[in-house]
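# Descriptive analysis of the structure
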Amino acid sequence: AGGLLLALLCGAREFTEESTRNAFKNAGLSHILALSGMHLSLFSGIANFTGKKSGSIKITYLLQILSISFFAWFAGFSPSLLRAFLCSSLTILFSITGISDIKTFDILCMSFLIQSAICPNHIHNAGFILSYAALGGITLFSSFFFRVLVGISPSLASSSLSTSASAQIFTAPVSLKIFGTFCPVGVIATSFVSPLVTLFIYSGLALILLSLLIPILQVPSGIFMNFLYTIIKNLVLFFSKAPVWRIY
């Protein structure tokens, strides 16, 4: 459990079991291990919750900026994480200045231009391309897929599936071109695994803090985290057995 938590928090995958890393890849879930918007939004969400408790919008914005800046510095500015950091920073900046009518796709385009200018070496990086492709697909197509799916499935499931399907529209051609493979099952697998990984990260952070304050909780915390890890691992291994599209 500790190895997976470390991979999710700072991108250090060498402590995660090789079989688990390969299972994430074969199930089309590599994006979950890649530091990006999902991880950054967790810390931003914690800061937003804490700031709102203070009753000051200025403190809320300050905490959000500090939290995403610290996480990006701690984890390292990989191409995908830098994209997430720029998008989050721009969103906070527009909120501070009172600009509320700007679209997510416009923010993504601004982030693309800024990142291309300050880090031109990222342009040919697979993580950079897949990160922008995934978010581009989500912003352009998720509402369409949601309207189609909401009539035949629960709202929560429709939202998750529409997001996954939209991301796959743009990333599938890129994945086939760069890696020669594509995992269609990733659309469904993400809907099941992503919520569990979110719970895993929040639980890990909370239990680390509690264990430092109350050392007697270390053993039960470890048992609970390994229980969550076992569920996630077995679920990922299950989806990794699905057929993979290959072009070479």
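Please read these numbers as outputs of a predicted model, since none were measured by experiment.

### Regarding the packing of aromatic side chains
Given two aromatic rings, one states the distance between the centres and the angle between the planes to describe the pair. In total, this model carries nine aromatic pairs according to the counting rule given. For the pair Phe77 and Phe85, a centre-to-centre distance of 5.5 Å together with 80° between the ring planes defines the contact as edge-to-face. On the basis of an interplanar angle of 70° and a centroid distance of 5.4 Å, the ring pair of Phe238 and Phe239 is categorised as edge-to-face. Look at Phe238 and you get exposed, because its relative accessible area is 58%. Each residue in the set Phe112, Phe128 and Tyr132 is aromatic and connected to the rest through ring pairs, giving one cluster.

### Structural notes on the pattern of salt bridges
Tallied over the full model, the rule gives one salt bridge. Here Lys233 makes a salt bridge to Glu17, at a shortest N to O gap of 3.0 Å. Taken together, the residues span a long stretch of sequence, with Lys233 in helix H11 (residues 218–239) and Glu17 in the loop between helix H1 (2–10) and helix H2 (18–26) at a distance of 216 residues. Residue Glu17 is classed as partly exposed on the basis of its relative accessible area, which comes to 37%.

### Focus on the environment of Ile178
Positionally, Ile178 belongs in helix H9 (residues 155–178). Taking relative accessible area as the criterion, Ile178 reaches 35% and is therefore assigned partly exposed. For the pair Ile178 and Gly222, spaced 44 residues apart in the sequence, the C-alpha separation amounts to 39 Å.

### Overview of a nonpolar patch on the surface
On the surface, a cluster of nonpolar side chains totalling about 510 Å² of accessible area is made up of Leu209, Leu210, Leu213, Ile214 and Ile216. As for its placement among the helices and strands, Leu209 is situated in helix H10 (residues 186–213).

### Side note on the side chain of Ser131
Its location among the elements puts Ser131 in helix H8 (residues 126–149). Within the structure, Ser131 has its side chain in polar contact with the side chain of Arg83 (distance 2.8 Å). When residues no more than four places from it in sequence are discounted, the contact partners of Ser131 are Ser80 and Arg83.

So, how was this worked out
- Residues numbered from 1 in each chain as written.
- Predicted model: local features only at pLDDT ≥ 70, side-chain atom pairs only at ≥ 80, totals over all residues.
- Heavy atoms only, no water.
- Phe/Tyr/Trp six-rings, centres within 6.5 Å; stacked < 30°, edge-to-face > 60°.
- Buried < 20%, exposed > 50% of the residue type's maximum accessible area, 1.4 Å probe, protein only.
- Salt bridge = Lys/Arg side-chain N within 4 Å of Asp/Glu carboxyl O.
- Helix = DSSP H or I, 4+ residues; strand = E, 2+ residues; numbered from the N terminus.
- Patch = residues over 30% accessible without salt bridge, like charges linked within 9 Å, V, L, I, M, F, W, Y side chains within 5 Å.
- Areas by Shrake-Rupley, 256 points an atom, 1.4 Å probe, with all protein chains shown as cover.
- Polar contact = N/O pair within 3.5 Å; in protein donor to acceptor, adjacent residues only side chain to side chain.
- Contact = heavy atoms within 4.5 Å.

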